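# Examination of the molecular architecture
Here are the chains, one letter per residue:
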Amino acid sequence: MSKILEIHDLKREFRMGTETVRALKGVSFEVNAGEFVTIMGSSGSGKTTLLNILGCLDKPSSGLYQLDGVDISKLSRDDLARLRNRKIGFVFQAYNLLARTSALENVELPLLYNAELTAHDRREKAIKALEAVKLAERLDHMPNQLSGGQQQRVAIARALVNEPVMILADEATGNLDTRTSYEIMALLQELNQAGKTIVFVTHEPDIASFSSRTVMLRDGKVIRDSQNENVRSARQALSELPVTDDY
Amino acid sequence: MNIFNLIRIALKALQRNKLRAFLTMLGIIIGVGAVIAMVAIGQGSKQSIQDQLSSMGSNMITIRPNSNMSVGGGARLDASTLQTLKLEDVKAIEQQAKYITAVSPQVSGRGQAINGALNWPTTIQGVSPNYLDIRDWPLKDGVPFGDNDVKAASKVCLIGQTVAENLFSGGESPVGKTIRFNKIPFKIIGVLAEKGENAFGQDQDDIILAPYTTVQKRILAITYIQNIFASALDENSSTLATAEVSQILRTAHKLKPADDDDFLVRTQAELISTFSSTSQLLTVLLAAIAGISLVVGGIGIMNIMYVSVTERTKEIGLRMSIGARGIDILLQFLIEAILISITGGLIGIALGITASRLITVFLSWPTLVSESSIVLSFIVCTVTGVFFGYYPAVKASRLDPIEALRYE
């Protein structure tokens, strides 16, 4: 299996006035293509810092980070932007869709920053991505006309549209109720089975149980890195949820 | 990153905030509209003054006695009573001046013109036949008087349109009729074409022209002349002609080098430039006031763009996280600012032209929309967009994507 990302002895320090805060104190792990990894940890564990570095939004103070064979420590701000555009698909907790902009245009957004594509290509790819998240009938809906779960699916489509090597999700189910969370996890599991590498940051063990591997952080260090013996199926979990009257 | 994509992104961003974009534009619309309308008013009045002055004959040079010169020490005298200009001066200019094509003496007096039961107070001017060429004044009817009439001091005259209207009623042709001016009979041999008011609001058609000899002898009983009118080769040589005439007259009047001129030489070009500089000042003042509103409009853009950058911090963070480089963000906001100011500028130009037309129609002020003011204000508002849009755009492009994404 090919390595999608490899980090080795990653450290990140912030200077707060006279004090130096060491958010990451030497983190090492690898992610292979096709894995579904959750990164877990309580607040203050360094998982947000790690996520920012994995997402090429931030650079480590020291240590190695290779994404798809590229060492990002040598790259400029613009090169990092290009890398984010071509290799990473972000999914955020708050969806971060542009208001008053149709689902289709929201999904097209990353492609606008890729000069190689024509308007026709963009539209075709965006429609395909929206079909993949089962929103083909909602192309022209504005975010305020969609439910939370649907908005997150648009955001996932936006993450998929540039065919990234890795989808990076940051508490992607944090704003959703249990049922909708499971629906999103089911969708991610499907995408994973179709070959997408997913790195999912969460603090909910319940959500982590749907992934194939869990990396646990505490105080800036990896305290556990384990394969999940029995991965739960989100589809099945969904069917086992009690049907409530108020739903 | 392709520029068309950036324009598309900026257009979509503006579409999402139509009202705000329009309000921002309003400053530019009013600024550009005001500049164009104000300059049009200034240029219009300048043009109309120039037209009026040119109607007096644009190459014309007037020479009159210098009233500032004290005669015999003591009281200064009115120019018309000074007797320093003589017929010999006219002859000297005629013979010696190279830059003068025509020259005519002029004497004038006021009196009552009478035709039967009708009478009219007017001015009679005694001139030579050249005068009509100098003033660029054609005849509407009849023939001009000639050198023979001057020599013989004939009692013939040409009358202006106003005089014709007041002395002859009901479409009667004045040519061939005889009128009396201060009891002296004059035969009308021609009617002057209508010339309208001059720059000072005087009716130029309220006049009778007669040979200067006739007026000198029969009406004023004088031998000197009051003014000399001359025509320069063309407008450009009027300065040379002025110097030349001054030199000839100084020699003719036997003035010593230390003496002041006892005459004044004025060109029409000088008069035009005096009036032009006044209306130029008016134009500049109006344009400056309007320009200030354009700057205020620009500051409005800057203000809104700053607010917009802050308000859209999260959007900027998102765009950066999905691959927008700093320059992409910078260009997006810059293009938004430029689009706002260009659109505002175009609307402002339309508004300015419309306003100028309305001013002419409803206030009867002459206006002249000049291409240069349109081009200039358009350039200024584009530059305004770039200038005032740049700093907010730079601020946006330098945002840290992590902080921007977390911004609430």
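Our structure is the block above this text.
This structure is a prediction, so every number in the text was calculated from the model and none was measured.

## Details of the overall build of chain A
Tallying secondary structure elements over chain A gives eight helices and 10 strands in all. Taken over the C-alpha trace, chain A has a radius of gyration of 18 Å; the compact-globule value for 247 residues is 18 Å, and the two agree within 12%. Seen through its C-alpha atoms, chain A measures out along the principal axes to roughly 50 × 45 × 40 Å. For chain A, buried positions account for 45% of its 247 residues. When contacts within chain A are restricted to residue pairs at least 6 apart in sequence, long-range pairs at least 24 apart make up 69% of them.

## Thoughts on the interface of chain B and chain A
Each partner contributes to the interface: chain B provides 19 residues, whereas chain A provides 20 residues. Where the side of chain B that touches chain A is concerned, the elements lending two or more residues are α1 (3–16), α10 (313–321), α11 (326–363) and α13 (401–406) of chain B. No other element matches the five residues that α10 of chain B contributes to the side of chain B that touches chain A. Here the residues of the side of chain B that touches chain A are counted per class, giving eight nonpolar, five polar and six charged.

## A closer look at the sheet that holds strand β5 (residues 70–71) of chain A
Residue and element names in this part refer to chain A. In space, the four strands of this open sheet follow the order β2-β1-β4-β5, with antiparallel pairing throughout. Every interior strand has two partners, whereas the edge strands, β2 (19–32) and β5, have only one. Across five bridges, the pairing between strand β1 (residues 3–16) and strand β4 (residues 62–67) is antiparallel. Paired with Ile 7 across the bridge in β4 is Tyr 65.

## Section: the nonpolar core
One recurring pattern in soluble globular proteins is that nonpolar side chains are buried together. Counting residues in each nonpolar core, the largest one holds 120 residues, and the members touching the most others are Val 107 and Ala 157 of chain A. Ranked by residue count, the leading element in this core is helix α2 (residues 18–54) of chain B, at 14 residues. Counting residues in hydrophobic clusters, the runner-up holds 49 residues, among them Leu 132, Val 191, Ala 230 and Val 265 of chain B.

## Some details on the environment of Asn 303 of chain B
If you trace the backbone, Asn 303 of chain B turns up in helix α9 (residues 268–311). Its 14 C-beta neighbours within 10 Å are what place Asn 303 of chain B among the partly exposed residues.

## Details of helix α3 (residues 103–112) of chain A
Counting buried positions over the 10 residues of α3 of chain A gives 10, a clear majority of the element. Every buried residue of α3 of chain A is listed here: Ala 103, Leu 104, Glu 105, Asn 106, Val 107, Glu 108, Leu 109, Pro 110, Leu 111 and Leu 112 of chain A. Tucked into the core, α3 of chain A has its buried residues touching α2 (77–87), α4 (119–132) and α5 (148–160) of chain A together with α1 of chain B.

## Some remarks on the sheet that holds strand β7 (residues 166–170) of chain A
All names here are of chain A. Ordered in space as β6-β7-β8-β3-β9-β10, the six strands form an open sheet in which the pairing is mixed. Strand pairing shows two members of the sheet lacking a second neighbour, β6 (88–91) and β10 (221–227), which therefore form its edges. Along the sheet, successive strands turn relative to each other by an average axial angle of 15°, direction set aside. Bridge count for strand β3 (residues 36–40) against strand β8 (residues 197–202) is five bridges, and the pairing is parallel. Residue pairing across strands places Val 37 opposite Val 199, the latter belonging to β8.

## A closer look at the environment of Ser 102 of chain A
Positionally, Ser 102 of chain A belongs in the loop between β6 and α3. Not counting residues up to four positions away in its chain, the partners in contact with Ser 102 of chain A are Leu 139, Asp 140, His 141 and Met 142 of chain A.

The rules behind each value
Residues numbered from 1 in each chain as written. Chains lettered and ligands numbered in written order. Predicted model: local features only at pLDDT ≥ 70, side-chain atom pairs only at ≥ 80, totals over all residues. Helix = DSSP H or I, 4+ residues; strand = E, 2+ residues; numbered from the N terminus. Rg over C-alpha atoms; globule rule 2.2 N^0.38 Å. Buried ≥ 20, exposed ≤ 12 C-beta atoms within 10 Å, placed from the backbone. Contact = placed C-beta atoms within 7 Å. Nonpolar A, V, L, I, M, F, W, Y, C, P; charged D, E, K, R; others polar. Pairing = 2+ DSSP bridges. Core = buried A, V, L, I, M, F, W, Y, C linked by C-beta atoms within 7 Å. Axes fitted to C-alpha atoms, helices over the stretch in contact; angles between N-to-C directions.

Without other data, these values stay purely geometric and don't point to any function.
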